[in-house]
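# Overview (structure and organization)
Here is how the chains run, residue by residue.
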Amino acid sequence: MEYIQADAEWLDASSLSEYAGFENKNRSAGPNTWKRRNKIFAISHKGKNLYPRYCLDEAYQPLGVVKEILDIFDNSKSGWSLAFWFGTGNSWLGGAKPKDVLTGDKAQLLRAAQAAKDGILHG
């Protein structure tokens, strides 16, 4: 778990709301709406939801491919399971971590996600 957290930038709801320009008084409202709509996921750490920066573009808006990946998993993975999938090397991606190639070959990313959902092992 520590490796996954240390290998990425994680934002709490308040920080994400600020960077993304949400104006809600409830600083969790915007990020939680994105999470409900499968635009991003969160891990729970010390009672807080933490959102991965790698799922966001330069303006802190969700990357479209992330929604497509999360739709493939269809709530079959917990936030931590998703964090491990995004943060570990994947043979379907030539050994790259999905989080590091989110702006690369979208079809290849989606195939890797489908393979993971279907239970096809990668080395």
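This text gives an overview of the structure that appears in the document. Computed from a predicted structure; not experimentally measured.

Turning our attention to the overall build of the protein. Each helix and strand counted, the protein has 6 helices and 3 strands in total. Walking the protein from its N terminus toward its C terminus, one meets helices and strands in the order α-β-α-α-β-β-α-α-α. Computed over its C-alpha atoms, the radius of gyration of the protein comes to 14 Å, within 12% of the 14 Å expected for a compact globule of 123 residues. Considering only contacts within the protein whose residues lie at least 6 apart along the sequence, 57% involve residues at least 24 apart. When the 16 basic and 14 acidic side-chain charges of the protein are each reduced to a single mean position, those positions are 5 Å apart.

Of the volumes computed, that of the largest pocket is approximately 230 Å³. In this structure, the largest pocket is lined by 17 residues; those nearest its centre are Lys-35, Phe-41, Asn-75, Lys-77 and Leu-82. If you list the elements that add at least two residues to the lining of the largest pocket, you get helix 3 (29–36), strand 2 (43–45), helix 4 (64–73) and helix 5 (79–87). Ranked by residues supplied to the lining of the largest pocket, first place goes to helix 5 with 3 residues. In terms of residue class, the lining of the largest pocket is made up of 8 nonpolar, 6 polar and 3 charged.

Moving on: the sheet that holds strand 2. The strand order across the open sheet built from 3 strands is 1-3-2, with neighbouring strands paired in antiparallel fashion. Unpaired on one side and paired on the other, strand 1 (10–12) and strand 2 mark the two borders of the sheet. Each adjacent strand pair in this sheet contributes to an overall mean axis angle of 45°, direction not counted. With 3 bridges joining them, strand 1 and strand 3 (residues 48–52) adopt antiparallel strand pairing. Each bridged residue has a counterpart across the sheet, and for Asp-12 the counterpart in strand 3 is Leu-50. Strand contacts of helix 2 (residues 13–20): strand 1 and strand 3, with the helix running at about 95° to strand 1, the strand carrying the most contacts.

The rules behind these values
- Residues numbered from 1 in each chain as written.
- Predicted model: local features only at pLDDT ≥ 70, side-chain atom pairs only at ≥ 80, totals over all residues.
- Heavy atoms only, no water.
- Helix = DSSP H or I, 4+ residues; strand = E, 2+ residues; numbered from the N terminus.
- Rg over C-alpha atoms; globule rule 2.2 N^0.38 Å.
- Contact = heavy atoms within 4.5 Å.
- Lys, Arg positive; Asp, Glu negative; His and termini not counted.
- Charge placed at Lys NZ, Arg CZ, Asp CG, Glu CD.
- 1 Å grid on protein atoms, 1.4 Å probe; cavity = no way out; pocket = protein on both sides within 12 Å on 5 of 7 lines; lining within 4 Å.
- Points joined across faces, edges and corners; volume = space filled by probe spheres on them.
- Nonpolar A, V, L, I, M, F, W, Y, C, P; charged D, E, K, R; others polar.
- Pairing = 2+ DSSP bridges.
- Axes fitted to C-alpha atoms, helices over the stretch in contact; angles between N-to-C directions.

No statement about biological role is implied by the geometric values presented.
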